[in-house]
Structures are given as structure tokens and as C-alpha cells.
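Coordinate analysis (summary)
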Amino acid sequence: MFSKILIANRGEIAVRIIKTCRRMGIATVQVYSEADADSLAVEMADEAIFIGPAPASDSYLVADKIIDAVRQSGAEAVHPGFGFLSENAGFARRLRDEGIAFIGPNPEAIEAMGDKITSKRFAADAGVNTVPGHMGLIETPQEAVTIAREIGYPVMIKASAGGGGKGIRVAHSDADMADGFAAVKAEARNAFGDDRVFLEKFIVSPRHIEIQVLGDKHGHVVHLFERECSIQRRNQKVIEEAPSPLLDEESRMAMGEQAVALARAVNYDSAGTVEFVAGQDKSFYFLEMNTRIQVEHPVTELITGVDLIEQMIRSAASEELAFNQADLSINGWAIESRIYAEDPYRGFLPSIGRLSRYRKPDEGERADGTVVRNDSGVREGDEISMFYDPMIAKLCVWGPDRAAAVAGMAQALEETHLEGVGQNLPFLSAVMDQARFQSGRLATSYIADEFPDGFHGLEPDGFQTDVMIASAAMMHAFQSARTDAPDRFEWVVLINGIARTVSLDLGGQGLGVRLDDRRTLLMTDADWRPGQPQLSAVLDGRPFTVEVKPRPDGYVIRHRAARERVRVLSPEVAGFYARLPERKPPDMGKMIISPMPGLMVSVDVAAGDEVKAGQAVAVIEAMKMQNIIRAERDATVKSVGVKAGDSVAADDVLIEFA
């Protein structure tokens, strides 16, 4: 077994690897860029070695710097995590030539599976179901249009070297193909240094299901069942679970057997994932094989009890697998929610900045029988950098069945609090609360289906309305009691345009909140004091946690996906509010503003140009993704405030119309 391992990665996956190495008694070496000098991974590792500037192309992607760090530290092996050099066959081969163990599959397996065109040929030869498509390289948009017509729209445009949801577009028409082909080639060239593109048929209403495989250097290969990864946006996974609510034992066995057959065909000897697109009828087709550990691996660990990072290390050290397929079984259900620094209210656009607050739910087993796990690479006060993926944490919950796991995840999301950057907690909570998700009727189009006009939160249900009224009244009573001490208060609470008369009874076993519809709510076990961003309590026997932000006449309160301005007023003041005119929002229709911080890749219009609704006018790059900015209406350009190469902040004015 190795005595020292170098981690050629950063953030959450680096922290995850360090935790397993500590348990195994293996020393760790963490490489870091300028942006990560004060990171949690650097703090946790036994040694840390600086490898260059913040851009990954100058640090984490430079093989020479990684190998120099290995020599400097005396590490015997390198764990690449995911992304960066994890699926670079040349890097794995160089390590092997240098006598350094690569904690991942052999270079030949990476080479065979890393190229999506070659991997599909291997899959077909191994008897694995494959999606109809054109496996040859495509050079021009015109050639792509011709091939797409032969396959039949819709067609998926994919970068051969792609991964992580990057380098993928769906074309529904010739026009989509012309725009998408160029965008995919550009993204692939920038993200992977390889702009080769291929096409495949896009399965309508598909599900994304993947099989976790594990092999050793002695010819043994097993699968650890499936993960459902259908909740995606921009082809990037957001919520994953294991097992899949779609599969039965027969389809699970068939999919697992095909994944193992493919792994054996390429002599696979580490942890890897065989990804399938599945129809609602349980038909399935090979998509690709990821020759690395996956972001969503914790849900597999939670249902099988197998530490996949440990097994990768043991395989790289030439140990045999200590179990066979018959030893593996599914125990319970696990769900993972990826918490991202992004603004769901603005199309999930990336957000950067400092985490001024970060409160995590308590990890471990809970009274309701669920287990909470939170894998994160950042702490309160850390910076979310524009140079890397904006994931903050992977919040995972295990339950004895799917319903328990969903309920446990909803509660854990409630208890998580973030400030300083945009974050997707409200969206994740919305999904957990939706009847469709709870029923397991999933598809990769789920977000587009359920939120066709974007995410704007959900209206509060009856319980949430009661929670907001009771919470606002309780906080107001607490504040008032600091200067006065009556045993009863009476106010008007304005919420969602409706005025409710509320009176409070203090003392006894809790706080009695009497409403004008003759109901009395009982709030107990309240945990809040002025300045706290969260209030936790039990309302009529049901525990809850809300996010609270004070305002001059009340609070903004969020419970899961419902967010409301709640005013607590005297009856006299409430009368004045009823007569106030409604403020109209400013007219922004003549401007295009930057939806995110980023770098202007191109500006395609000039003053005086006529543009049509839907026309592409600029491209912004953020978090390694290119985002096309389009005109929302026909107009004449009055002025252009930016040029290619400029850095812009969210809400900067890019273009103004006459």
C-alpha cells in the first residue's frame, strides 16, 4: 500500500480524497494554484505544493507541474479526482513511465473510452446497446446539417472529448445546427483543447441512468448498481439518486451486465461509470464511459457501504477486489443535491463572490432514521472563484426508502444557509416538494417541463403561509418585548397582498398565534435571536427552518422554494398601506444587461445595426461555459458599451437600443 499520495485536483473532491487517505493512514500532498492558497484542501493535507496561477490551463492542467510536485514530495501515487487531468491518457502514461502510480484506470482503457466516437465502437463490439448517430468526425456546419437530416431531428451535437455537461447542444432544426455546431466546437476547444464533434439521435423524454463499475488489475470487474441523474440543466446534473425509480430487477441486471461487459472489453481496472440514456419503457442505450470517479459517487457509497475512493487506491496498489458481484446489494435509497453558486431566479447563471455565511446541516444519523452527508470543499469566508466550477457542496441524504430520502433531503436543504453568492437552495427545495419528483416520473427535460418560463420560486402552501405569519409575529414580539413586556400583542400581518389580524399569547408551553379565521397555531422550541439568518421551531407539531431577512416594517422570509415579504403592522399603519399606490418597476426594455459576471467573448452588433428578436448579439463566457445573449425584440442599436475581451459584472449594461 502507498504511504503518500499526491492529489492533482482541488475543492470538494480533494477534501473527499484526503478524508479516505486519513482513514487508511496514507499521507497526502495537495497541489494548489494562487486562487486556492487558503483552501480547505490545503489546510487539511499533510503537505501542499504551489503549482501556478489561478487559470487551470496554467496550473491544474499542466502535467509537468504535477509530476514535478510528485518528485518534490516523494509521493508514490497521484489521484486525479474528476475533471482536469483525470481522463488524460497521456498524463496517465507519463506517470507510468516515471514509475508513479496513477489512481485511475490504465492509459489504454482511458484512451479507448475517453474518445466518445471510439468508445461507441468498443461498446457495439461488446454487445452494448448504442444510440443511432454518426460516429465519424464532422468538419463543417454544412456537413453537420446534411448528416442531421439523415439521422432525423432532434439531434445532439457533442464534443468528442467533452464532459461535465460542456460541449453539448441539442439541435431541433437546420438553424439550431448552424449555431450549435460552432458553439460546441468553440467550447470544446477552450475546455478540452480538442474541437472534434460528432452527432447522435436525441431520445425524446429520456432518462439519464449510469452504472458504477469497479475493476482491479487481476481481471475482476463488478458493478455497484445504478444512479439516476435525470434532473439536469444545461446538460449538467443537479440532483442524483441511487437506485433509479425507473428500473426493475430485470432491467437493472441487463444494464449492469452490459456495463461490466464493456469494462472487461477494455481491461478496466479502477472505478468508472458507464452512462446510458433510457427510455420511459426501460429501453436503454450507451452514451459514454467516464474513466474516473464521478461527482455523484456518494449516493452509491451510501446504498452499498463501499468507499469508492478506497477501492481506487487499493486497485492502483495492485490489490484484488475483496468482494464479488454476489456480495453486493442495495440497501435503502440515497439522494444527492448539488449546491451551486448560481442564481436560479436568473436562469441559473453562475455567481461568484465570498461566502459570507455558510451554515450546514448536522451530519450523521438522525432521529427519523435518515443519514445526512455533506461533501464540501469550501468554508464560511471562502471565495467562489470565476476560474473553477461553482459547486459549493454535495448534500446527500440516505433513507430506508425513497420517500424517506426525499423528505430527509427537503429537511436538510431547509437547514442549509448561504449568503454572499447566489445559490440554488430554493430550486433544489422546489424539486423535492413537487409531486412529480416524489412520484419518480423523471426525464432529462424535467426542469424545462416544470419551469418553462424559468424558476421564480413557488407560491407558499397553507402550512408555509402559517409558518411565515407565525415566524414574523414571533420575531416582532421578541423585538417589542425588549422595550415593553405585555403578555399579549395584536398586529396586522400583510403577506402576499392579504391582511391578517394576528394576536399572540405568550407563556405557557409555547407561543399561541391566534388568527382572524379563528384558528390558533402553537409554536414551540423556537430558536432565534436578532441577527440570526435562520429561525427554527415547531409549528403545530411540525418542525421547520426558515431563512429570515429583516426589513424596516417586517421581514423577507423563505421556506424552501416559497419566499415572501411579510409586514407586521399596527392596525392604524396597515390602513395607510392599503391606500399606497403600487410601485412600478423601471423599464429595462431598451437595454441588454449582463446576466452574470464573465468575459465578453464576442460582441456581434454595432451602433446603428437593426436586430431581430432572438438574434445573437453577444457571447459571454463564465465558469468555462459560453452563453449566447440574444435580443428580446426587434430594435435598432443605439450604443454598445463593451467589446470582446472586456470583463463584465452582473447587471452591467452591454447594449442599449434606440
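Scope of this entry: the structure provided in the associated data block. (Residues numbered from 1 in each chain as written. Predicted model: local features only at pLDDT ≥ 70, side-chain atom pairs only at ≥ 80, totals over all residues. Heavy atoms only, no water.)

What follows covers the overall build of the protein. From N to C terminus, the protein includes 17 helices and 40 strands. Relative to the globule expectation of 26 Å for 658 residues, the C-alpha radius of gyration of the protein, 27 Å, shows essentially globular dimensions. By its C-alpha atoms, the protein is 80 × 65 × 50 Å across when sized along the principal axes. Out of the 658 residues belonging to the protein, those deemed buried represent 56%. Sequence-distant contacts in the protein: of pairs separated by 6 or more residues, those separated by 24 or more amount to 63%. With an accessible surface of roughly 26700 Å², the protein has 49% of that area assigned to carbon and sulfur atoms. Of the charged side chains in the protein, 71 are positive and 97 negative, and the gap between their average positions amounts to 3 Å. (Helix = DSSP H or I, 4+ residues; strand = E, 2+ residues; numbered from the N terminus. Rg over C-alpha atoms; globule rule 2.2 N^0.38 Å. Buried < 20%, exposed > 50% of the residue type's maximum accessible area, 1.4 Å probe, protein only. Contact = heavy atoms within 4.5 Å. Areas by Shrake-Rupley, 256 points an atom, 1.4 Å probe, with all protein chains shown as cover. Lys, Arg positive; Asp, Glu negative; His and termini not counted. Charge placed at Lys NZ, Arg CZ, Asp CG, Glu CD.)

A few words on the environment of Ile151. Positionally, Ile151 belongs in helix H7 (residues 141–151). Taking the C-alpha atoms as reference points, Ile151 and Asp362, separated by 211 residues in sequence, lie 51 Å from one another. When neighbours within four sequence positions are excluded, Ile151 is seen to be in contact with Gly133, His134, Leu199 and Lys201.

For the rest of this paragraph, the subject is the sheet that holds strand E1 (residues 4–7). What the 5 strands build is an open sheet, ordered E3-E2-E1-E4-E5; its pairing is parallel. Taken across any chain shown, the strands that pair with only one partner, and hence form the sheet edges, are strand E3 (47–52) and strand E5 (101–102). The sheet contact formed by E1 and strand E4 (residues 77–79) spans 3 bridges and is parallel. Residue pairing in the sheet places Ile5 in a bridge with Ala77 of E4. (Pairing = 2+ DSSP bridges.)

As a further point, take the nonpolar core. Residues Ile239, Ile392, Phe427, Met432 and Phe437 are the most contacted members of the largest nonpolar core, which totals 38 residues. Counting residues per element, the ones that place at least two in this core are strand E12 (236–242), strand E15 (333–340), strand E23 (391–399), helix H12 (402–415), helix H13 (425–433) and helix H15 (446–450). Aside from chain neighbours lying at most four places away, what touches Phe437 is Ile231, Ile239, Glu241, Arg402, Val406, Val431, Met432, Leu442 and Tyr446. With 37 residues, the next largest nonpolar core counts Ala41, Phe225, Ala316 and Met391 among its residues. (Core = buried A, V, L, I, M, F, W, Y, C linked by side-chain atoms within 4.5 Å.)

For the structure shown, the criterion picks out 59 salt bridges. The partner of Arg338 in a salt bridge is Glu296, and the shortest N-O contact between them spans 2.9 Å. Placement of Arg338 in strand E15 and of Glu296 in the loop between strand E14 (284–290) and helix H10 (297–304) is noted, with a sequence separation of 42 residues between them. We classify Arg338 as buried; its relative accessible area is 6%. Taking the shortest distance from any N to any O, the salt bridge between Arg519 and Asp517 comes out at 2.9 Å. (Salt bridge = Lys/Arg side-chain N within 4 Å of Asp/Glu carboxyl O.)

Turning our eyes to something else, we now look at the packing of H7 against helix H8 (residues 174–192). In the contact formed by H7 and H8, the axes pass within 9 Å of each other and the chain directions differ by 135°. Judged on the interaxial angle alone, H8 and H7 are oblique. By crossing handedness, the relation of H7 to H8 is classed as right-handed. For the pair H7 and H8, contact is made by Pro141, Ala144, Val145, Ala148 and Arg149 and by Asp174, Met177 and Phe181, respectively. Its residues assigned to classes, the contact of H7 with H8 comprises 6 nonpolar, no polar and 2 charged. (Axes fitted to C-alpha atoms, helices over the stretch in contact; angles between N-to-C directions. Parallel < 35°, antiparallel > 145°, perpendicular 65-115°, else oblique. Left-handed = near helix turned anticlockwise from the far one by under 90°. Nonpolar A, V, L, I, M, F, W, Y, C, P; charged D, E, K, R; others polar.)

Another aspect to go through is the side chain of His208. One can find His208 in strand E10 (residues 207–215). Setting aside anything within four residues of it in sequence, one finds His208 in contact with Arg227, Glu228, Cys229, Ser230, Gln232, Lys237, Glu275, Phe276, Leu287 and Thr444.

Before going further, it helps to examine H12. Residues separated by three or four positions in an α-helix point in the same direction, a consequence of the helix having 3.6 residues per turn. If you check H12, its first and last C-alpha atoms are 20 Å apart, about what 14 residues at 1.5 Å a residue would give, namely 20 Å. Among all positions in H12, only Arg402, Ala405, Val406, Gly408, Met409, Ala410, Gln411, Ala412, Leu413 and Glu414 are buried. (Expected span 1.5 Å × (residues − 1).)

Here we come to the sheet that holds strand E38 (residues 635–640). Reading across from one edge, E33-E40-E38-E35 is the order of the 4 strands in this open sheet, with antiparallel pairing throughout. Because the sheet does not close on itself, it has two edges, and the strands there are strand E33 (591–593) and strand E35 (610–611). Bridge count for E35 against E38 is 2 bridges, and the pairing is antiparallel. Within E38, the residue paired with Glu610 across the bridge is Thr636.

Let us look at the side chain of Ser39. With respect to the helices, strands and loops of the structure, Ser39 is situated in the loop between strand E2 (27–33) and helix H2 (40–44). Only 3.0 Å separates the side chain of Ser39 from the backbone oxygen of Asp36, close enough to count as a polar contact. (Polar contact = N/O pair within 3.5 Å; in protein donor to acceptor, adjacent residues only side chain to side chain.)

What follows is about the packing of helix H5 (residues 107–114) against helix H6 (residues 116–125). For the pair H5 and H6, interaxial distance at closest approach is 5 Å and the crossing angle is 95°. Classed by the angle they form, the pair H5 and H6 counts as roughly perpendicular. Contacts between H5 and H6 involve Ala112, Met113 and Gly114 on the former and, on the latter, Lys116, Thr118, Ser119 and Phe122. Classifying every residue of the contact of H5 with H6 gives 3 nonpolar, 3 polar and 1 charged.

Below, the discussion takes up the packing of aromatic side chains. Summed over the entire model, instances satisfying the criterion amount to 12 aromatic pairs. Between Phe427 and Phe455, the ring centres sit 5.6 Å apart and the planes meet at 90°, which makes this aromatic pair edge-to-face. Of the two residues, Phe427 is situated in helix H13 and Phe455 in the loop between H15 and helix H16 (462–481); the sequence distance between them amounts to 28 residues. The pair Phe427 / Phe455 is uniform in exposure class, with both members buried. Across the ring face of Phe437, the terminal group of Arg402 is positioned such that the distance to the ring centre comes to 4.8 Å. Stacked on the ring of Phe463, the Lys or Arg Arg542 has its end atom at 3.8 Å from the ring centre. (Phe/Tyr/Trp six-rings, centres within 6.5 Å; stacked < 30°, edge-to-face > 60°. Lys NZ or Arg CZ within 6 Å of the ring centre and 35° of its normal.)

Looking now at H6. Burial in H6 covers these residues: Lys116, Ile117, Ser119, Lys120 and Ala123. The buried residues of H6 all sit within an arc of 160° when viewed along its axis, so they share a single face. N-cap assignment for H6: the residue whose side-chain oxygen lies 3.0 Å from the backbone N of Thr118 is Asp115. Among the residues trailing H6, Gly127 stands out with phi positive, at a value near 85°. (Arc of directions from axis to C-beta.)

Time to look at the pairing of E2. Burial analysis of E2 places 6 of its 7 residues in the buried class, the great majority of the element. Note: E1 against E2, 4 bridges, orientation parallel. From the neighbouring strand, Lys4 faces E2, where its bridge partner is Ala27. Crossover handedness for the path E1 to helix H1 (residues 11–24) to E2: right-handed. The sheet contact formed by E2 and E3 spans 5 bridges and is parallel. The residue of E3 that forms the bridge with Tyr32 is Phe50. (Right-handed = clockwise from strand over helix to strand, strands pointing away.)

Our focus in this paragraph is a nonpolar patch on the surface. On the surface, a cluster of nonpolar side chains totalling about 240 Å² of accessible area is made up of Ile352, Met386 and Phe387. The residue Ile352 is located in the loop between strand E17 (349–350) and strand E18 (353–354) in this model. What makes Ile352 partly exposed here is its relative accessible area of 32%. (Patch = residues over 30% accessible without salt bridge, like charges linked within 9 Å, V, L, I, M, F, W, Y side chains within 5 Å.)

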